[in-house]
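For reference, the chains in residue letters:
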Amino acid sequence: MDQLAKALARNGVDVFLASSQVTLEYLTGFAEDGHERLLFHATKADGNGCLVCPSLTETHARKAGLTDVRPWHDSEGPDQAVLRLAEEWNLRSAVIAVDDEMRASSLLKLQELLPGALFRPGSSILAELTKAKTAEELASLRRAGQIADAALPKLLGTAIKPGVTERQAARALLEEMERLGGTPTFCIAAFGPNSAEPHHETGDRVLGDNEVALLDFGCLVNGYHSDITRCLAFGDPDPEVARVYEVVHAAFLAGMEAVRPGVPAEEVDRAARKVIEDAGYGPNFVHRLGHGVGRRGHEPPYICEGETQPLGVGNVFSIEPGVYLPGRFGIRIENLVAVTDGGFESLNEMPSPTLPVV
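Residues numbered from 1 in each chain as written. Predicted model: local features only at pLDDT ≥ 70, side-chain atom pairs only at ≥ 80, totals over all residues. Heavy atoms only, no water.

Student: I'd like a description of the overall build of the chain, backed by residues and values.
Tutor: Within the chain one finds 10 helices and 17 strands. Over its C-alpha atoms the chain spans a radius of gyration of 23 Å, differing by no more than 12% from the 21 Å that the globule rule assigns to 358 residues. Structurally, the chain occupies a C-alpha span of about 70 × 40 × 35 Å along its principal axes. By the burial criterion, 53% of the 358 residues in the chain qualify as buried. Put simply, of all contacts in the chain between residues at least 6 apart along the chain, 64% involve residues at least 24 apart. Of the accessible surface of the chain, which amounts to about 15,200 Å², a share of 50% is contributed by carbon and sulfur atoms. (Helix = DSSP H or I, 4+ residues; strand = E, 2+ residues; numbered from the N terminus. Rg over C-alpha atoms; globule rule 2.2 N^0.38 Å. Buried < 20%, exposed > 50% of the residue type's maximum accessible area, 1.4 Å probe, protein only. Contact = heavy atoms within 4.5 Å. Areas by Shrake-Rupley, 256 points an atom, 1.4 Å probe, with all protein chains shown as cover.)

Student: Account for the pattern of salt bridges, with residues named and values stated.
Tutor: One pass over the full model with this rule turns up 25 salt bridges. Salt-bridge contacts for Arg328 lead to Glu240; the nearest nitrogen and oxygen are separated by 2.7 Å. Highlighted residues: Arg328 in the loop between β14 (322-325) and β15 (329-332) and Glu240 in helix α9 (residues 239-257), separated in sequence by 88 residues. With relative accessibility at 13%, the residue Glu240 sits in the buried group. (Salt bridge = Lys/Arg side-chain N within 4 Å of Asp/Glu carboxyl O.)

Student: For the pairing of strand β16 (residues 335-340), give the residues involved together with the corresponding values.
Tutor: Counting buried residues in β16 gives five out of six residues, a clear majority hidden from the surface. As defined by bridge partners, strand β13 (residues 316-319) adjoins β16 across four bridges and the pair is classed as antiparallel. Bridging from a neighbouring strand, Ile319 pairs with Asn335 of β16. Pairing of β16 with strand β17 (residues 343-346), which is carried by four bridges, proceeds in the antiparallel orientation. Bridge assignment links Val339 to a residue of β17, and that residue is Phe344. (Pairing = 2+ DSSP bridges.)

Student: Explain unusual backbone geometry residue by residue, including any values.
Tutor: A cis geometry characterises the amide bond from Pro300 onward to Pro301, with omega recorded as 5°. In this fold, Pro301 is placed in strand β12 (residues 299-303). One non-glycine residue, His35, lies in positive phi territory at about 55°. The phi dihedral of Asn222 is positive, around 55°, even though this residue is not glycine. Mapping Asn222 onto the fold places it in the loop between β8 (212-221) and β9 (224-225).

Student: Could you give an account of the packing of aromatic side chains, with specific residues and numbers?
Tutor: Inspection of the entire model under this criterion finds zero aromatic pairs. Against the face of Phe285 rests Arg273, its NZ or CZ located 3.9 Å from the ring centre. (Phe/Tyr/Trp six-rings, centres within 6.5 Å; stacked < 30°, edge-to-face > 60°. Lys NZ or Arg CZ within 6 Å of the ring centre and 35° of its normal.)

Student: Explain the sheet that holds strand β3 (residues 49-54) to me, and be specific about the residues and the numbers.
Tutor: The strands making up a sheet associate through backbone hydrogen bonding, with each pair oriented either parallel or antiparallel. Across the sheet, six strands lie side by side as β4-β3-β2-β1-β5-β6; this open sheet has mixed pairing. Unpaired on one side and paired on the other, β4 (69-72) and β6 (118-121) mark the two borders of the sheet. On average, each strand axis in the sheet is inclined to that of its neighbour by 25°, with strand direction left out of account. Inspection of the sheet shows β3 paired to β4 by four bridges, in the parallel sense. Of the residues in β4, the one forming a bridge with Cys53 is Pro71. Against the sheet, helix α2 (residues 21-28) touches β1 (15-18) and β2 (40-44), its axis set at about 120° to β1. Where helix α6 (residues 123-130) meets the sheet, it contacts β1, β5 (95-98) and β6, and its direction lies at approximately 50° from that of β6. (Axes fitted to C-alpha atoms, helices over the stretch in contact; angles between N-to-C directions.)

Student: Run through the nonpolar core, naming residues and quoting values.
Tutor: Val268, Leu311, Phe317, Ile319 and Ile331 are the most contacted members of the largest nonpolar core, which has 35 residues in total. Secondary structure elements with two or more residues in this core: β8, β10 (228-233), α9, α10 (265-278), β13, β14, β15 and β16. Take this core: its biggest share by element is eight residues, from α9. Non-local contacts of Phe317, meaning those with residues more than four positions away in its chain, are made with Val259, His291, Gly292, Val293, Pro301, Ile303, Leu311, Asn335, Leu336, Val337 and Val339. Listed in part, the 25 residues of the second largest apolar core include Ile160, Leu207, Leu215 and Cys219. (Core = buried A, V, L, I, M, F, W, Y, C linked by side-chain atoms within 4.5 Å.)

What follows is the structure, encoded as structure tokens:
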């Protein structure tokens, strides 16, 4: 909260409104989703804070340690609670930064009640706090990565093999991460031609002989995410699969080796993308190289063209180049890395330089 207040003052912002569970918990230790009801924690640039919430949330908030709680009842709505706060804090003409995840209905209600206030995105201000991970945060991210690393090898040839469906493979990975001590969050399992869809929706396609399996999955440890992608083949795949895998692996290494403090994020993307472009697959690399990871699965810094902000020690993000050949197959390799004084630390084991064939 003290750091946030200082960041608000530096950026000429009067108040920050936190509404997502992730941001609320990060700033205050209290986490609850207001859903359709207006709920936010307000922090002033002078360090004062208060929670505006439905009355059914008041007890929970006070148990979590919040002292300035402004409840409103369903029968009256939130208008008067917001207007009273606006009068006390002089918010009618204030500069107000809001969570990226604030519901549109909540923001529209606030804009209606405070038409003279200037609302702006708060993500860049929050990123000043969250981008540089502490030693404790890095320890949780490392452990989440270790759990993801350990889960897949235990399942190859047993729960993941020709004849199983994408859904069955995903369920097995999620259960294994939970067994190893993580809280599973997601798994994209994409078999055969489905692997050419970067955000394939896991379904009931059966893994066939001589096909590619793309598995993108992760879990939480102490609220911090892992995110890893591995590709492998079963049987005797098309020779181009192995060639594309080696191109993607070379791009993966080029991206990692470009990571060091002070380097603009876009330069890391360019280093990996050049390898894929030089191999003739440039049009088939259809997304950014990576995204920040922490309490959110996607957060700053974003590793893509146009991101000129320099990387800093403690930044954690994915390196995930991919080549996708529609109707045939796709290859993506992904690790999380942390920026260190000397370059980077991989938070996952290094992937095989050649296509793993089971």
